[in-house]
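These are the residues of each chain, in order.
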Amino acid sequence: QVQLVESGGGLVQAGGSLRLSCAASGFFLSTSAMSWYRQAPGKQRELDAQITSGGSTNYVDSVKGRFTISRDNAKNTAYLQMNSLKPEDTAVYYCKAYITYRARDYWGQGTQVTVSS
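Residues numbered from 1 in each chain as written. Predicted model: local features only at pLDDT ≥ 70, side-chain atom pairs only at ≥ 80, totals over all residues. Heavy atoms only, no water.

Considering the overall build of the protein
Looking only at helices and strands, the protein features zero helices and 11 strands. Start at the N end of the protein and walk to the C end: the helices and strands fall as β-β-β-β-β-β-β-β-β-β-β. Computed over C-alpha atoms, the radius of gyration of the protein comes to 13 Å, within 12% of the 13 Å expected from 2.2 N^0.38 for 117 residues, which places it in the range of a compact globule. With the C-alpha coordinates of the protein rotated into their principal frame, the extents come out at 45 × 25 × 25 Å. For the protein, long-range pairs separated by at least 24 residues make up 55% of all intrachain contacts whose partners lie at least 6 apart in sequence. As displayed, the protein has an accessible area near 6,100 Å², and 47% of this comes from carbon and sulfur atoms. Computing the positive centroid from 12 side-chain charges and the negative centroid from 8, the protein places the two 4 Å apart. (Helix = DSSP H or I, 4+ residues; strand = E, 2+ residues; numbered from the N terminus. Rg over C-alpha atoms; globule rule 2.2 N^0.38 Å. Contact = heavy atoms within 4.5 Å. Areas by Shrake-Rupley, 256 points an atom, 1.4 Å probe, with all protein chains shown as cover. Lys, Arg positive; Asp, Glu negative; His and termini not counted. Charge placed at Lys NZ, Arg CZ, Asp CG, Glu CD.)

Following this line, the structure appears as structure tokens:
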């Protein structure tokens, strides 16, 4: 059974850092593209960062230079290192896996990140 479990969210002051983790089970992370999304209250879920199975990364402009997506295939875990956090980064953060051989997306349950000014 495929499962994604996010952790690492919390309350942090502006300018601070958090590292989110996405622990995967039921499939091998190395076979999947991983993404991190955010959803702020009253807004649609939007993409922040992606990493392919080959390790290529892509970021939206608003997080470039501040966020870093990575993966540890041995631990079957993906990460999102978030630095220089801003109040506007406050949202629920979700990880998503696109499993190639299943041709579908799987989502975690989300973790809350709150940045105080």
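Observations concerning the environment of Leu 20
If you trace the backbone, Leu 20 turns up in strand S3 (residues 18-25). Under the relative-accessibility criterion, Leu 20 is labelled buried at 0%. Sequence separation of Leu 20 and Arg 104 is 84 residues, and the distance between their C-alpha atoms is 23 Å. The residues touching Leu 20, leaving out its near neighbours within four places in the chain, are Ser 7, Gly 8, Gly 9, Trp 36, Ala 78, Tyr 79, Leu 80, Met 82, Tyr 93, Thr 111 and Val 113. (Buried < 20%, exposed > 50% of the residue type's maximum accessible area, 1.4 Å probe, protein only.)

Focus on the state of the cysteines
The final tally for this structure, using the stated rule, is one disulfide. Put simply, Cys 22 and Cys 95 are joined by a disulfide, and their sulfur atoms are 2.0 Å apart. Since a negative S-S torsion denotes a left-handed disulfide, the Cys 22-Cys 95 link at about 55° is right-handed. Highlighted residues: Cys 22 in strand S3 and Cys 95 in strand S9 (residues 91-99), separated in sequence by 73 residues. The same class applies to Cys 22 and to Cys 95, which are both buried. (Disulfide = S-S within 2.5 Å.)

Looking at the side chain of Ser 32
Structurally, Ser 32 is set in strand S4 (residues 32-39). The class for Ser 32 is buried, based on a relative accessible area of 0%. Discounting chain neighbours no more than four positions away, the residues touching Ser 32 are Phe 27, Ile 51, Thr 52, Ser 53, Arg 71, Tyr 98 and Ile 99.

Concerning the nonpolar core
Counting 30 residues, the largest nonpolar core has Leu 4, Phe 27, Met 34, Trp 36, Leu 80, Met 82 and Tyr 93 as the members making the most contacts within it. Residue assignment for this core shows that the elements contributing at least two residues are S3, S4, strand S5 (46-51), strand S7 (67-72), strand S8 (77-82), S9 and strand S11 (111-116). The element that contributes the greatest number of residues to this core is S9, accounting for five residues. Residue contacts for Leu 4: discarding those within four places in its chain leaves Cys 22, Ala 23, Ala 24, Phe 27, Met 34, Cys 95, Lys 96, Ala 97, Tyr 106, Trp 107, Gly 108 and Gln 109. (Core = buried A, V, L, I, M, F, W, Y, C linked by side-chain atoms within 4.5 Å.)

Here's the deal with the pairing of S5
Note that S4 and S5 share five bridges and pair antiparallel. Counterpart to Ser 35 in the pairing with S5 is Gln 50. The antiparallel pairing of S4 with S5 creates a hairpin that spans six residues between the two strands, and Gly 42 there sits at a positive phi of about 75°. Here S5 pairs with strand S6 (residues 57-59) via three bridges, running antiparallel. Across the sheet, the residue bridging to Gln 50 is Asn 58, located in S6. Remark: five residues form the turn of the hairpin made by S5 and S6, two consecutive strands paired antiparallel; Gly 55 in that turn has positive phi of roughly 100°. (Pairing = 2+ DSSP bridges.)

Read these as layout, nothing more, since geometry by itself doesn't imply function.
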